Amino acid sequence: MSTALPRSAPQIAHRLLPVLLLLLLIAFFPSPALSVNVTELLAAHPDLSAFSRLLVATSVADDLSRRSSLTLLAVPNSVLLRAASSPPSSASAGDLNLRAASSPYDLADVLRYHVLLQYLSLDDLREIPPEGKLFTTLYQTTGRAPSNLGDVNLTRAAGGAVTVRAPVPFSPSNASILGFVAALPYNISVFTVDALIIPYGFDLAASENRPPMGLNISRVLVDGRDFNVAASMLEASGVAGELEDDERGAGITVFVPTDEAFAELPRTERLQSLPADRKAVVLRFHVLHSYYPLGSLESIVNPVQPTLATEDTGAGRFTLNITRVNGSVAIDTGIVQASITRTVFDQNPVAVFAVSRVLLPREIFAGGGAEATVVGAPPPELVRAFSPEGVPRGDGSVPESSPAGSAEESRSGGKEAAAAGGGILLLCCIGILHLLLV
């Protein structure tokens with residue numbers, strides 16, 4: 001019986017070297033996330049040009065660009081033309097009068113209802129059971145769809161035809177899949193349908209009665225849920241009316257704290273006890289005087305952004321520092337760092353985002369709450385408040401010897417820590433290789 005000879009250390013190292021190199025590549029060069037360029041994919045299909053323009057105009061295309069697996073049910077130009085020209089009295093159940101749905105409340109969500117959040121191939125459609133299967137749509141993720149009514153039910157007939165309808169018995173809105181258009185496996189697939197698919201419960205008559213311009217911010221917040229405190233404060237202060245006027249210009253981007261964020265405010269940060277004029281300044285501090293969809297915020301060039309409060313108090317004051325941290329959009333006020341948790345509303349020229357914390361301006365709260373001066377040059381005590389001993393933490397406490405630190409310092413520290421971790425990994429790999437070779 002022969003006995004296998006033990007391999008020498010150089011032989012073992014030679015076999016392990018490719019593995020070590022692969023580990024290094026994974027550690028230092030993570031694979032990029034896939035993204036979807038829907039308009040580029042649809043550009044090769046002129047009969048879908050109107051649908052593509054609607055995706056861009058409503059900013060739904062930006063939503064899709066941040067997803068890596070979806071199925072788009074595109075509506076041909078001829079179907080859209082029929083829907084746009086049908087008067088409300090003669091519109092069929094499968095058509096949506098686009099003039100009535102020109103309100104930003106409706107049109108973007110109708111388009112989101114045509115986006116299934118998983119990749120489906122032709123073979124996948126053939127495997128759909130006759131009783132049907134539920135698929136989540138982009139509309140369901142907005143939080144505006146009650147229960148699972150943001151899903152669609154796909155059913156397959158005996159002859160192979162696939163029908164898309166709302167997940168309710170005897171759905172008044174349905175469409176048939178006409179055919180396959182294009183695909184980037186397993187990223188995006190595009191099929192055409194013979195009608196617009198309307199989410200269950202949409203009141204088209206109410207849409208017709210809405211004014212063609214002007215957005216009721218309070219209504220958006222109530223519909224979005226969890227924003228009762230912000231809605232009441234905006235109404236009581238009159239800032240809601242200001243926003244509805246400003247949206248007609250360059251547009252607005254509103255960061256709205258949730259009710260939970262207001263409840264978590266430390267007692268030292270007495271927002272509710274501020275005088276009415278200062279409270280209005282804090283609310284304006286949550287608004288950018290430009291329209292930024294989420295994709296634009298994620299790639300913003302100038303992180304320091306003026307707010308509506310800046311316009312009232314002078315350049316350089318009441319600004320927000322907006323950056324991308326750990327895959328999400330971070331908003332730093334100098335004493336508070338919040339993150340965007342979801343999109344509440346996005347229809348050019350208005351974007352409304354939920355944020356995890358109340359954005360407290362340092363011009364008011366860094367000096368110890370409501371005693372700080374809002375307008376004019378900062379007083380000496382406010383200047384002293386920016387010293388390392390005076391900057392409060394997010395929980396209201398004050399560090400003894402070191403500042404809470406700016407977002408920029410935190411980010412640079414994170415980069416240094418990441419670089420140090422990478423260096424340690426490299427040294428470990430070299431050490432293992434050295435031991436094997438010795």
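Residues numbered from 1 in each chain as written. Predicted model: local features only at pLDDT ≥ 70, side-chain atom pairs only at ≥ 80, totals over all residues. Heavy atoms only, no water.

What counts here: UniProt positions are given in the numbering used here, feature names are shortened, and annotations may be inferred rather than shown by experiment.
Under an unreviewed UniProt entry, the name given to the protein is FAS1 domain-containing protein, and the organism recorded is Colocasia esculenta. According to its UniProt record, the protein has this under Subcellular location (unreviewed entry): "Cell membrane". Its UniProt record, at the heading Sequence similarities (unreviewed entry), says of the protein: "Belongs to the fasciclin-like AGP family."

### With respect to the nonpolar core
Counted only if it meets this: Nonpolar cores were defined as sets of buried Ala, Val, Leu, Ile, Met, Phe, Trp, Tyr and Cys residues, with membership established by side-chain atoms within 4.5 Å. Here the term buried applies to any residue with accessible area under 20% of the maximum for its type, exposed to any over 50%, and partly exposed to those in between, with areas from a 1.4 Å probe on protein chains only. Note on conventions: DSSP H or I runs of at least 4 residues are helices, E runs of at least 2 residues are strands, and numbering of each starts at the N terminus.
Leu221, Leu243, Phe255, Leu297, Ile340 and Val352 are the most contacted members of the largest nonpolar core, which totals 56 residues. At six residues, strand 14 (residues 350-355) tops the list of elements feeding residues into this core. Residues Leu80, Val115, Leu125 and Ala195 belong to the second largest nonpolar core, which totals 52 residues.

### A few points about unusual backbone geometry
Note that the residue after Pro185, namely Tyr186, is joined by a cis bond; omega there is -10 degrees. With respect to the element layout, Tyr186 can be found in the loop between strand 6 (174-184) and strand 7 (188-193). At Asp226, a residue that is not glycine, the phi angle is positive and equals roughly 70 degrees. One non-glycine residue with positive phi stands out, namely Phe318, at about 55 degrees. Among the structural elements, Phe318 can be located in the loop between helix 15 (308-313) and strand 11 (319-325). A residue is classified by how much of its surface remains accessible, and Phe318, at 0% relative accessible area, is buried.

### Observations concerning the sheet that holds strand 8 (residues 252-257)
Stated precisely, the cut-off is as follows: A pair of strands is treated as paired once DSSP finds two or more bridges between them.
Strand order in the open sheet formed by seven strands is 9-8-14-13-12-11-10, with mixed pairing between adjacent strands. The sheet terminates laterally at strand 9 (287-288) and strand 10 (304-306), the two strands that pair on one side only. With six bridges joining them, strand 13 (residues 337-347) and strand 14 adopt antiparallel strand pairing. Bridge pairing in strand 14 links Thr343 to Phe353.

### What about the pattern of salt bridges?
Cut-off, in case you're wondering: Salt bridges are identified by distance alone: a Lys or Arg side-chain nitrogen within 4 Å of an Asp or Glu carboxyl oxygen.
Counting across every chain of the model gives five salt bridges. Among the salt bridges present, the one from Arg112 reaches Asp109, with a minimum N-O distance of 2.8 Å. Here Arg112 and its partner Asp109 are both found in helix 6 (residues 107-112), three residues apart, which amounts to about one turn of the helix. When sorted by exposure, Arg112 lands in the same class as Asp109, which is buried. One salt bridge connects Asp123 with Arg126, and the closest N-O pair in it is separated by 2.6 Å. Placement of both Asp123 and Arg126 in helix 7 (residues 122-126) is noted, with a separation of three residues, approximately one turn of the helix. Among the residues examined, Asp123 registers a relative accessible area of 48% and is labelled partly exposed.

### Regarding the sheet that holds strand 4 (residues 151-156)
Taken in spatial order, the seven strands line up as 2-1-7-6-5-4-3 in an open sheet, and their pairing is mixed. If you trace the sheet from one side to the other, it starts and ends with strand 2 (115-116) and strand 3 (133-136), each paired once. Direction of pairing for strand 5 (residues 162-165) relative to strand 6: antiparallel, over a ladder of three bridges. Within strand 6, the position partnered with Thr163 by the bridge is Ser176.

### Structural notes on the side chain of Asp346
In plain terms, the rule: Positive charges come from Lys and Arg, negative ones from Asp and Glu, while His and the chain ends are left out of the count. Pairs of N or O atoms are called polar contacts if they sit within 3.5 Å, as long as, within protein, a hydrogen donor faces a hydrogen acceptor (for residues adjacent in sequence, only side-chain-to-side-chain pairs). Whether two residues are in contact is decided by their heavy atoms, any of which lying within 4.5 Å being enough.
Examined against the element boundaries, Asp346 turns out to sit in strand 13. Of the buried charged residues, Asp346 lacks a salt bridge, with Arg112 as the closest side chain of opposite charge at 5.2 Å. Within the local environment of Asp346, its side chain forms a polar contact with the side chain of Tyr291, the two groups lying 2.5 Å apart. What Asp346 contacts, discounting residues up to four positions off in sequence, is Thr58, Ser59, Asp63, Ala108, Arg112, Tyr291, Pro293, Leu294 and Ala351.

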